[in-house]
Each structure stands twice: as C-alpha cells, then as structure tokens.
Amino acid sequence: MRARTWLDELAHELTARGVPHAQVAGIVVETEAHLHEAAGDPLDTFGAPATYAGAVADALAADRVATAPGRVRVRARGLGKRHGRRAVLDGFDLDLRAGEAVLLMGANGRGKSTLLRILAGLDAPDRGKVEIDGSVGYAPQHGGLIDHLLPAEHFVLFGRPRGLDRRAAVQQGRRLAEQLGWDALAAPVAGALSGGTRQKLNVVLAALGEPDVLLLDEPYQGLDLESVQRFWDLLWDWRDAGRCALVASHAHDAIERADAVVEL
Amino acid sequence: MWLRGVLDLCLLALLERGEAYGYELARRLEELGFGSVPGGSLYPALLRREKLGHLRAEWRAGEGGPGRKYYVLTDAGRDALAAESAAWRAFAAGVAAALDGVRA
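Residues numbered from 1 in each chain as written. Chains lettered and ligands numbered in written order. Predicted model: local features only at pLDDT ≥ 70, side-chain atom pairs only at ≥ 80, totals over all residues.

*Asks:* Go over the overall build of chain A, please, and point to the residues and values.
*Replies:* The helix and strand tally for chain A stands at 10 helices and 8 strands. Partitioning the contacts of chain A with sequence separation of at least 6, the portion at a separation of at least 24 is 72%. (Helix = DSSP H or I, 4+ residues; strand = E, 2+ residues; numbered from the N terminus. Contact = placed C-beta atoms within 7 Å.)

Below is the structure:
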C-alpha cells in the first residue's frame, strides 16, 4: 500500500476513535518519519491502519482509570465447587465494586465459567457464599439464544423482566448493538448469525436494562479487532457510569484494558 | 512476538542512556539482537509511557524529512525503570533456575 494512502487512513481511523486532532497530527508525523527512514511498506511495519490506530488509542487510554471504585456489588467468600472428584474452585474470594471492569483469567478448565455461573445464580457452590447487591446481567459462552427469533425479538423478551416495554427494549438493544458496530435490526434470526455476532447479541442481552453487575463469559470469541475495541469502549462507559463488569477471557490484550485482573 | 511489558522495560533502559526518537530505538533494539520491532508495538509502548509520565516528548526539525519526536526519560521514568528492572531480574533469575540443566 502507498504510504500516503496508508497515513490518510490512519488519520481517519484515529479520528474515528476519538483521538483529539492535535494528537492525530503528531502521531501521523511520527509514523511518517519512521516510514521515511525505514523505507518499508507501512503494512509490514505497522499493520493495517485500523489495527494500528486501535493500538494507539488504547495506549492513549492507559490513564483512563475508573473513578474511585464504589461500593461492593459482588462479594464472594470461600467458594468451593467440585465437578466429580475434581475441585474446580477451592476457597475463592472476590470483591467486585461499582465502577470496575475486571478481567477474569485462567486456563481452560480452571473454573472461569463455573464461577460466572455461580455468581449469576445458575449454579450453587458446594461451599462458601455469594452476596450480590443489585441487578445482574449474564452472557454465557455458548448458547443463550433462541435460534428462530430475530435479535429485536430477543430484546423484547429479555427486556420485559428488566422493566423495559417493547419499544424501550428494541431501542436500547439497537443502541447497544450499534456501540458494538452491529446493525441488529437488519440482522436475520439468531440461528443464522456468525459466531462473533452471536456473542455480540449475548453481550447486548446481558446489558439490556443496564444491570448493576455485568458477567460476560468469553465475549471475545469470534470478534474482529475493531469489535474488540468497541466492546471495551462500551465496557469503559459502563463502569464510568458506576456499574461493574466481570469479563472472563484469555485474550491477552484484555489485561491492560481491564481495571484489574483476577486469576483462577 | 514481543511481550508487552518487556518491550516497555527495554525502551526505558535505552532511554536512560540518552534521548532518542522512535526509529532510532527500533534500530538499537535490533542491534541488541531482538530482531525487527514492529512499529505497531513500538509507538504504542512509547505513547503509554508518555501518558504515564515516564517519558517526555520533544519535537525537533528533521533532516530533510518530517519532524522528529524525541523521547526523554523523566524522573518518574527513572523510578519506574529501577522498580521494574528489579522485578524483571528476580523473574529472570527464577526462570534461569527452573531451566538449569535443561539442554538447549
């Protein structure tokens, strides 16, 4: 790709990510200087403009630290859970506070999904206790959708128990989907959606009605880089508004985007 | 593949020896044997440290080309370098002990 075109696209992508104009100019000049000296193809040196812009926007957001965390929304003490003879959780403690977006890490089989299910109230722990202060939204890693229903019909169905009437549910669902870069009202029934889009729908359904606590199990899988960035933008807004989120993922880029990391 | 924290640490260490601009740092890392460092990793790392106040940026006119952004280590950056290099040495010593006796 020609350097000029690549730089123009970079400027465009940075602006689209809300990087202030003065900073965009500086970043473009610096990148141009590098390309000038390195004399390489910008795609080889920096990758796609959108990807690089995303990395830069992330770096600039490094000081975007949450307002002082508030009250404890989720308190887990001494959680234990066995699957057959294997201890999946053993004496696990957690405090999740209002205003925090926390990453839950751990290899497969270390109990991330089990923990989220227990916090969501779907499973009971064998030992220990969970106290939740507020409402909870949960997005499972698999399933969670009704294949023959449209996304908008999901919004209505999931919105009702959270106090949203039909209109409000569709409106809010569409807005959340838009934040993830997805036009939900133009989409086909859930069964016809790609894996990444199904995950977006699950995230939107969990966030519908703006519960105090958001529990997301591997919301990343199948998402492209731009969607991942949008997902975190949504999550940062979420916690800045005083709500909290616990996100299970083994995507390493999540480490520096989250306010804190809990390892299992 | 660069481990994010390690690249940051090497950049702070290089800048302790004096100010430098991006491409210069990329070249020095290459000379140290790290291979070519993608600009896509290098500049975000520098920006992050600038944001954290560990680095200060100074723009200078370039020779013929566009302007150059020089990075200067701040006092806070020196403190961070001291703390992080101590942590890294302890970590690396642990890895070395674990690998002791393993055939290369």
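After that view of the structure, there is still more to cover.
*Asks:* Help me get a handle on the sheet that holds strand 2 (residues 86-97) of chain A, residues and values and all.
*Replies:* The pairing of strands in a sheet happens through backbone hydrogen bonds and is either parallel or antiparallel. Residues and elements named next belong to chain A. Strand order in the open sheet formed by 3 strands is 2-1-4, with antiparallel pairing between adjacent strands. Looking at strand neighbours, the two that pair on one side only are strand 2 and strand 4 (127-132), the edges of this open sheet. With strand direction ignored, the average angle separating the axes of adjacent strands in the sheet is 15°. With 9 bridges connecting them, strand 1 (residues 72-83) and strand 2 associate as antiparallel partners. By the bridge assignment for strand 2, glycine 80 is matched with aspartate 90. Contacting strand 1, strand 2 and strand 4, helix 5 (residues 112-120) runs over the sheet at an angle of about 125° to strand 1. (Pairing = 2+ DSSP bridges. Axes fitted to C-alpha atoms, helices over the stretch in contact; angles between N-to-C directions.)

*Asks:* So what's going on with the interface of chain A and chain B? Residues and values would help.
*Replies:* On the side of chain B, 17 residues touch chain A, which itself brings 22 residues to the contact. Looking at the side of chain A that touches chain B, the elements that each hand over two or more residues are helix 2 (21-38), helix 3 (42-46) and helix 4 (49-60) of chain A. Considering every element that reaches the side of chain A that touches chain B, the biggest residue donor is helix 2 of chain A, with 10 residues.

*Asks:* Any chance you could break down the nonpolar core for me, citing the residues and the numbers?
*Replies:* Formed by 53 residues in total, the largest nonpolar core has its most connected members in Val204, Leu215, Leu216 and Val247 of chain A. Among the elements that take part in this core, helix 8 (residues 195-207) of chain A stands out by supplying 6 residues, more than any other. Those residues in contact with leucine 215 of chain A that lie beyond four places of it in its chain are Leu116, Leu119, Ala120, Val136, Gly137, Tyr138 and Leu246 of chain A. In this structure, Trp6 and Ala61 of chain A together with Leu55 and Ala80 of chain B belong to the second largest nonpolar core, which totals 31 residues. (Core = buried A, V, L, I, M, F, W, Y, C linked by C-beta atoms within 7 Å. Buried ≥ 20, exposed ≤ 12 C-beta atoms within 10 Å, placed from the backbone.)

*Asks:* Please give an account of the packing of helix 1 (residues 3-16) of chain A against helix 4 of chain A that cites residues and values.
*Replies:* Geometrically, a packed helix pair is captured by the angle between its two axes and the distance between the axes. Residues and elements named next belong to chain A. One can describe the packing of helix 1 onto helix 4 by two numbers: an axis separation of 9 Å at closest approach and a directional angle of 45°. Comparing the axis directions of helix 1 and helix 4 gives the class oblique. Note on packing geometry: the crossing formed by helix 1 with helix 4 is right-handed. Mapping the contact onto sequence places Trp6, Glu9, Leu10, Glu13 and Leu14 in helix 1 and Pro49, Ala50, Tyr52, Ala53, Val56 and Ala57 in helix 4. Residues that form the contact of helix 1 with helix 4 fall into these classes: 9 nonpolar, no polar and 2 charged. (Parallel < 35°, antiparallel > 145°, perpendicular 65-115°, else oblique. Left-handed = near helix turned anticlockwise from the far one by under 90°. Nonpolar A, V, L, I, M, F, W, Y, C, P; charged D, E, K, R; others polar.)

*Asks:* Now, about the sheet that holds strand 3 (residues 68-73) of chain B: what can you tell me, with residues and values included?
*Replies:* Residue and element names in this part refer to chain B. Taken together, the 3 strands give an open sheet; going across it, the order is 1-3-2, and neighbouring strands pair in antiparallel fashion. In this open sheet, the two edge strands, each paired with only one partner strand, are strand 1 (20-21) and strand 2 (55-60). Relative to strand 3, strand 2 is paired through 6 bridges, and the arrangement is antiparallel. Bridged to alanine 57 within strand 3 is tyrosine 71.

*Asks:* Help me get a handle on helix 5 of chain A, residues and values and all.
*Replies:* With respect to burial, helix 5 of chain A is a largely interior element, 7 of its 9 residues being buried. Residues of helix 5 of chain A that are buried: Lys112, Thr114, Leu115, Leu116, Ile118, Leu119 and Ala120 of chain A.

*Asks:* An account of the environment of aspartate 233 of chain A is requested, with residue identities and associated values reported.
*Replies:* Following the sequence through the fold, aspartate 233 of chain A ends up in helix 9 (residues 225-240). Expressed as a C-alpha distance, the spacing of aspartate 233 of chain A and arginine 17 of chain A, which sit 216 residues apart in the sequence, is 9.5 Å.

*Asks:* So, the packing of helix 6 (residues 151-159) of chain A against helix 7 (residues 166-179) of chain A: which residues are in play, and what are the values?
*Replies:* Residues and elements named next belong to chain A. Where helix 6 meets helix 7, the closest approach of the two axes is 8 Å, and the angle between their N-to-C directions is 120°. Between helix 6 and helix 7, the crossing angle belongs to the class labelled oblique. Seen along the crossing, helix 6 lies across helix 7 with a hand that is right-handed. Across from Pro151, Ala152, Phe155, Val156 and Gly159 in helix 6, the residues of helix 7 making contact are Arg166, Ala168, Ala169, Val170, Gln172 and Gly173.

*Asks:* Outline the confidence of the model for chain B, supporting the account with residue identities and numerical values.
*Replies:* In the predicted model, chain B carries a mean pLDDT of 86, and 90% of its residues have values of at least 70. With a pTM of 0.57, the predicted complex shows an ipTM of 0.78. (pLDDT = per-residue confidence, 0-100.)

*Asks:* Before we move on, could you go through unusual backbone geometry and cite the residues and values that matter?
*Replies:* Residues and elements named next belong to chain A. Of note in this structure, glutamate 210 is not a glycine but carries a positive phi near 50°. Position of glutamate 210 relative to the elements: it lies in the loop between helix 8 and strand 6 (213-217). Positive phi, close to 50°, is recorded for glutamate 218, a residue that is not glycine. Within the element layout of this structure, glutamate 218 appears in the loop between strand 6 and helix 9. Under the C-beta neighbour-count criterion, glutamate 218 is labelled buried, with 21 such atoms within 10 Å.

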